[in-house]
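# Chain and residue survey
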Amino acid sequence: MTRTPVRLGLLLTLLVAVLGLPAGIASAAGTTAPPVAPLADTPVGFASVDALGQNGTTGGAAGPTVTVSTAADLEHYAGQNTPYTILVSGRITFDDMITVVANKSIIGVGSNAEISGGGLQMGSTTRPGNNVIVRNIRFSDASDDSISVTNSAHHVWIDHNEFTAGFDGLLDIKRASDYVTVSWNHFHGHSKTTLVGHSDTFTADRGHLRVTYHHNFFDGTDQRHPRVRFGDPVHVFNNYYLDNSLYGVASTVDAGVLVEGNYFQNVAHPTYVGYDDSGPGRLVERDNVYVNSGTPETAGTVTEPRTYYAYTLDDPAQVPAIVRAGVGVGVGKVSAPAARVAPAAGPADGFASVDALGQNGTTGGAGGPGVTVTTTEAFLDHIARPGPYVIQVSGTITLPTGSTDGMHDVASDKTIVGLGAGARLVGGGLNIGLPVDDAVTSPPPGAVHNVIIRNLSLSGATDDLINVQMFSHHVWIDHNDFSDGDDGAVDIKRGSDFVTVSWNRFHDHDKTLLLGHDDENAAQDTGRLRVTYHHNFFDGSDQRNPRVRFAEPVHVYNNYYLDLSYGIASAMDAGVVAEGNYFDTVNNPGRVDFSGDLGRMVARDNILVNCNHEIETRGSVVEPRTYYAYAAEPAANVPASVRAGAGVGKVAPAAAAASPTGFAGVDALGQNGTTGGAGGQVVTATTTEELLSYIDTTGPLVIQVSGRIAIDSKKGVRPNKTVIGLGANAEITGGGLDFHRSYNVIVRNIRFTDAEDDAVNVGQESHHIWIDHNEFVNPTDGAVDIVRAADYVTVSWNWFRGTDKSMLIGHSDGNAGEDTGHLKVTVDHNFFDGSNQRHPRVRFGEPVHVLNNYFRANSSYGVASTMDAGVLVEGNNFENVPNPVLVGYAESGPGRVVQRNNVFTGSGTPQTAGTVVEPRTYYSYTVDSPANVPAIVRAGAGVGKV
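Residues numbered from 1 in each chain as written. Predicted model: local features only at pLDDT ≥ 70, side-chain atom pairs only at ≥ 80, totals over all residues. Heavy atoms only, no water.

An unreviewed UniProt entry lists the chain under the name Pectate lyase domain-containing protein, with Actinophytocola xanthii as the source organism. Recorded under Subcellular location (unreviewed entry), the UniProt text for the chain is reproduced unchanged: "Secreted". Recorded under Sequence similarities (unreviewed entry), the UniProt text for the chain is reproduced unchanged: "Belongs to the polysaccharide lyase 1 family." (UniProt positions renumbered as here; feature names shortened; annotations may be inferred.)

This is the structure in C-alpha cells:
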C-alpha cells in the first residue's frame, strides 16, 4: 500500500521579521512563506499501517454523509453500527463524553465547527472505536477529556483540530489503544495536553500504544506533549514547542519514544526520561532545534518507526513556519457531500399538487388576508371562517374538548402555519371534513378542500391530532411534529383524496397514520385515498406508518423508520408503492398479510438495517408517476435528510416569504420586484476568499454562506445576488457588505458581528435591496445604512441586538440634492432589542414606512424624522422607550411623521408633524395587531427562521 510522505513540499523559509523567529534560523531575504499544508486524504504514521485486520484508517468513507448541528444528532450518528461521515456544522455544546464507535469520520464544516463542554470517546468496553477520523474541529471547555482514545481502539487519526481549556487531558490515548496518528493540531491554553498510557500499573498497555505525533503546535501548554507509559515506538516528529513551562516530552515506565526533527523554543525541559513518580522510559532524540531551551534527557534505544512506515522529515529549522501556516482548523477544505435539507417554502408536491376535482393543486389561504393568532378564541374563529386565510399561530394554543371531543373543524381554503419553532396546538385536534354520513358514497357539494397545515407541534389530543374525512381533498400536512394523541396522529378516510403528508416527525405515539376508515368502508374509499407520504420521520411511533385499506396508489417514499413494531401495512386490496425508504430496527417493515383481505405492495430501492423481516410484496400497483413527477433521493441519504429537515422550525413563517413585501417588491426603475440571484447557479462559501469571489461575480448567483467568515472593511456586492446563510450559524464578522450602484440583491439569514464600519451599507443609487431575517451585533458604525439616493429597499424581520446606530436613511443634512425623491424604504417586523438610536433616523426620504416593529428599551430614541423626510410609523409596539418618535434631532431640522395604531408601554409621547405620502400608493400590505407584535417578532425575527 502506497503511503503519502509527510514532507508535502514544505521546504520554504521566512524572514525573521515576518515570523518573529529567533535570530540565526531564517533564510536569506526574498524567500516566500510556505504554502498552507493541504488536508491530505490519508494519514501518515501509525494510523496508515495495515494491521489488526484494518487497512489504514478510512473512517466513515464507506457510508453515507450526514450533517449535524445538535448534540443529540452527533451522539446518534457517532453511535451507529454502520459507517458514517459526520459533518459538524457550527457550535455543539454538551456535557460529559459522546461515544464514537467504529468506522466514523467526524469533520468540521468550514472554520467554525466547535465541540464545547464535552468530549469524544473512541469506543467503549463493548463497542470498539476502531477506524475513526476526527478533523477540523475546535474543542473547548471539556468537562473531562476533549478526546479519549481508549478501550483497545485502533486506527484513529486526529488531524487539523484545535484544543483548548479542557478539564483533564486534551487528548489521551490509553488502555491498549494502538495505531494512532495525531497531526497538524493546535494545542493551547491548557496544562495536561496529551497522555499516552493509562497509569504506571496498567501493564495491559505494554505492546500497544503505537502513536505518531507530527506537525502539531504545542503553544504555551504546560506539559505532556506527550507523556508516555509503555508505548513503543511513539514517534514525535516535526512538532513546534513554544513556551512549555513544565516540559515537552516525557518517556516513562519503559516506553520507547523517538523525538525527531522538532523545534523547541523557550522550553526549559525539552525531554524527560522518567517523570514525577513514574519510572524511566527510553528516549532517542535526533535532528531537533533547541532555542532558549534546556538540554534534552535521553536513555536507551527505541524501535525505529521506519520498520512500520515510510516518512520524510521537514527541516526542523523551518518547522515553526510550516506548522504555524498549516496547523489547526479552517486550513484546508474538507470535501464531503452535505445532506439535503427540506425546502423552507414552495408549493405542495405529491398528490396534493395534482389538478383534480376542480382544484388546481393545493394553495391553502393564498390570496386571502394574513392574520396572526395567539388565543384559542381567535384561532377557532379564523379556521372556521369562509374564504381564504393565512393563519399564523404564535405560541401555544389550547383546544377545548367539550361536545366535539376536542375535534375542531377547519373550513376550505386555509393555510395554518406556526411562527418560529414554538407554535403548538395542545389538548384537541383538527377535523378537515364535513359531518360523517355513511350514506354518502360520492363527493358531496361543499366538501372541504384546499387546506395546508405546516410548522405546528400537535400533542395531547383526546381523539385524533388531525382527521381528514368525508371526501375532503387537496390537503397538505407538512413539517409538523406529532406526539401523544389518544387515537390517530393523522387519519385520512371516508373518500378523502389528493393528500400529501411530508417532512413531519411522529414520536411518542402509537397509532400513527390510518388510511381508510375500516374493512367495511369500501363504498366510500375504493378508488380514492390517493396519498403521498414522503420524508417523514417515524421516530419510535409504533404502528400504522401508514396502515392502508382500499386506496390506490399510495406512494410511500424517502421516509425514515426507526425502532418500530411495523412500518407499512397494505390490506383490503390497497395498492402501495414503498420506495427509497430507510428502515432501522423495524420488526416488520412492510406487510400485505395483516388484517382482512390481502393488500398489494411494490417495494424498490429501500434499505433495511436490523430488521427481523423483509418487506412483503404482492401484485402490481398503479405508478404514482401517472399522476405527478418526483425525484426520489438514494435511501442511504434518507436518515440525514430527514433528521436535518423534518419537523418544526424548518419552514419560514408566512411573513418570511420567498419574495419581499414593501418597497423592495415594487416594480420600478426597470426592475420587477427583488429576485436576487434567482435563475443563477447556487454556490456555497465557507471561506473569506470564496465569499469575496462570489459577491464580485457578474450575473445572477445564489451564494449560500456556511459557518463563520471573517472579512475586513466593506466589500462590494454586484447586482443580481442572493446572499443567504445556511442553518442558524452563518456569520460574517469583522467587516460588512457594501452596495454601490448595485441592484436586485437579497441578504438573508446571516449574523453580522463586530463590523469595523457599517455591517450593511446600501448606497450610491442602489435599488431593490432586501435585507431580511438577519442579526446585527456590535458594528462600529451603522448596522444598516441606506444613503446617497438608494431606493426601493425593504428591511424586514431582523434582530438588532444592543446596537448603537441601528439604521440611518439619508447620508447627511447637506445631501438633499442627491437624496430628495429617493430613499423609499420599508422597515417591518424588526426587533430593536436594547439598541440605542436610529430605528431609523431619516433624512429626505419619503415615504419611509415603519411597520409592525418591536422597540424595546431603546435609550436615546426610536424613530427620528428629520430634514423634511416623510415617515409613517404604524402598528409598532414600543416598550420602555422614553422618546418613541422625534421630529428633528440634534442639528438636523424637522421632518414629517404620521403615527397610527401603535402601542406605547412605559414609553414617552410620540412627536408628530405634517402629512406623509401613503405607502399604499406603492404597495398593498396587512397590519398585524400591534398588541401581538412582541410575540410575532420574537418568534419570527433573526436567523434560523428562513
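A few words now on the environment of Asp172. Structurally, Asp172 is set in strand 13 (residues 171-173). Between the C-alpha atom of Asp172 and that of Gln899, which follows or precedes it by 727 residues, the distance is 64 Å. When sequence neighbours within four positions are dropped, the list of residues in contact with Asp172 reads Asp145, Ile147, Ser148, Val149, Thr194 and Leu195. (Helix = DSSP H or I, 4+ residues; strand = E, 2+ residues; numbered from the N terminus. Contact = heavy atoms within 4.5 Å.)

As a further point, take the side chain of Glu731. Here Glu731 lies in strand 61 (residues 731-740). Residue class for Glu731 comes out buried when judged on its relative accessible area of 13%. Setting aside residues no more than four positions away along its own chain, Glu731 makes contact with Gly707, Arg708, Ile709, Ile750, Arg751 and Thr753. (Buried < 20%, exposed > 50% of the residue type's maximum accessible area, 1.4 Å probe, protein only.)

Geometrically, a packed helix pair is captured by the angle between its two axes and the distance between the axes. Contact pair helix 2 (residues 71-78) / helix 6 (residues 638-645): the axes reach a minimum separation of 12 Å and the direction vectors enclose 165°. Accordingly, the angle class assigned to the pair helix 2 and helix 6 is roughly antiparallel. Between helix 2 and helix 6 lies a crossing whose hand is right-handed. From helix 2, Asp73, His76 and Tyr77 reach across to helix 6, where they touch Pro639, Ala640 and Arg643. Residues of the contact of helix 2 with helix 6, tallied by class, amount to 3 nonpolar, 1 polar and 2 charged. (Axes fitted to C-alpha atoms, helices over the stretch in contact; angles between N-to-C directions. Parallel < 35°, antiparallel > 145°, perpendicular 65-115°, else oblique. Left-handed = near helix turned anticlockwise from the far one by under 90°. Nonpolar A, V, L, I, M, F, W, Y, C, P; charged D, E, K, R; others polar.)

A separate point is the environment of Leu399. Relative to the helices and strands, Leu399 resides in the loop between strand 32 (396-398) and strand 33 (407-409). A relative accessible area of 2% means that Leu399 is categorised as buried. Not counting residues up to four positions away in its chain, the partners in contact with Leu399 are Phe379, Leu380, His408, Leu425, Val426, Gly427, Gly428, Gly429 and Leu430.

Strand order in this open sheet of 10 strands is 3-4-6-8-11-14-17-20-23-26, and the pairing throughout is parallel. This sheet does not close on itself; its edge strands, each paired only once, are strand 3 (65-68) and strand 26 (282-286). The average undirected angle you get between the axes of adjacent strands in this sheet is 10°. (Pairing = 2+ DSSP bridges.)

Attention shifts here to the UniProt feature "domain: Pectate lyase" (unreviewed entry) in the chain. Here the UniProt feature "domain: Pectate lyase" (unreviewed entry) sits at residues 61-270, 366-589 and 678-884. The straight-line gap between the two end C-alpha atoms of residues 61-270 is 38 Å; of that span, 4% is helix and 46% is strand.

With 60 residues, the main nonpolar core has Leu74, Leu120 and Met122 as its most contacted residues. A per-element tally of this core places strand 5 (residues 91-100) first, with 4 residues. Here Leu74 is in contact with Val68, Ile86, Ile92, Phe94, Ile98, Ile106, Ile115 and Leu120, once residues within four sequence places are set aside. Counting 55 residues, the second-largest nonpolar core is a separate cluster that includes Ile391, Leu399, Val451 and Val490. (Core = buried A, V, L, I, M, F, W, Y, C linked by side-chain atoms within 4.5 Å.)

Looking at the element boundaries, Ile416 is found in strand 34 (residues 414-418). For the pair Ile416 and Thr201, spaced 215 residues apart in sequence, the C-alpha separation works out to 66 Å.

Among the 6 residues in strand 65 (residues 767-772), 6 count as buried, and that is most of the element. Relative to strand 65, strand 62 (residues 743-748) runs parallel, the two being bridged by 5 bridges. Each bridged residue has a counterpart across the sheet, and for Ile746 the counterpart in strand 65 is Trp770. Summarising the sheet, strand 65 and strand 68 (residues 791-796) pair through 5 bridges and their orientation is parallel.

Next up on the list: the sheet that holds strand 71 (residues 825-828). Reading across the sheet, the 10 strands line up as 57-58-60-62-65-68-71-74-77-80 and stay open at both edges, with parallel pairing between neighbours. A single partner strand is all that each edge strand has here, and the edge strands are strand 57 (681-685) and strand 80 (896-900). On average, adjacent strands in this sheet sit at an angle of 10° to one another, irrespective of strand direction. For strand 77 (residues 870-874) and strand 80, the ladder comprises 5 bridges, and the chain directions are parallel. Residue pairing across strands places Gly870 opposite Arg896, the latter belonging to strand 80. Those strands touched by helix 7 (residues 688-695) are strand 57, strand 58 (701-705) and strand 60 (721-725), and its axis lies near 150° from that of strand 57.

Moving on to the pattern of salt bridges. For the structure on display, the rule yields 41 salt bridges. Notably, a salt bridge pairs Asp573 with Arg600, separated by 3.0 Å at the nearest N-O pair. Here Arg600 lies in strand 53 (residues 600-604) and Asp573 lies in the loop between strand 50 (560-571) and strand 51 (575-579), a separation of 27 residues in the sequence. Judged by relative accessible area, which is 12%, Arg600 ranks as buried. Two residues, Arg900 and Glu918, come together in a salt bridge whose shortest N-O distance is 2.6 Å. Residue Arg900 is found in strand 80, and its partner Glu918 is found in the loop between strand 81 (903-905) and helix 9 (933-940); the two are separated by 18 residues along the sequence. (Salt bridge = Lys/Arg side-chain N within 4 Å of Asp/Glu carboxyl O.)

All told, the structure shown has 42 aromatic pairs when counted by the stated rule. Both rings, one in Phe855 and one in Phe878, keep their centres 4.3 Å apart while their planes meet at 15°; by these two values the pair is stacked. With Phe855 in strand 75 (residues 854-856) and Phe878 in strand 78 (residues 877-879), the pair connects residues that are 23 residues apart, well separated along the chain. Considered together, Phe855 and Phe878 belong to a single accessibility category, that of buried residues. (Phe/Tyr/Trp six-rings, centres within 6.5 Å; stacked < 30°, edge-to-face > 60°.)

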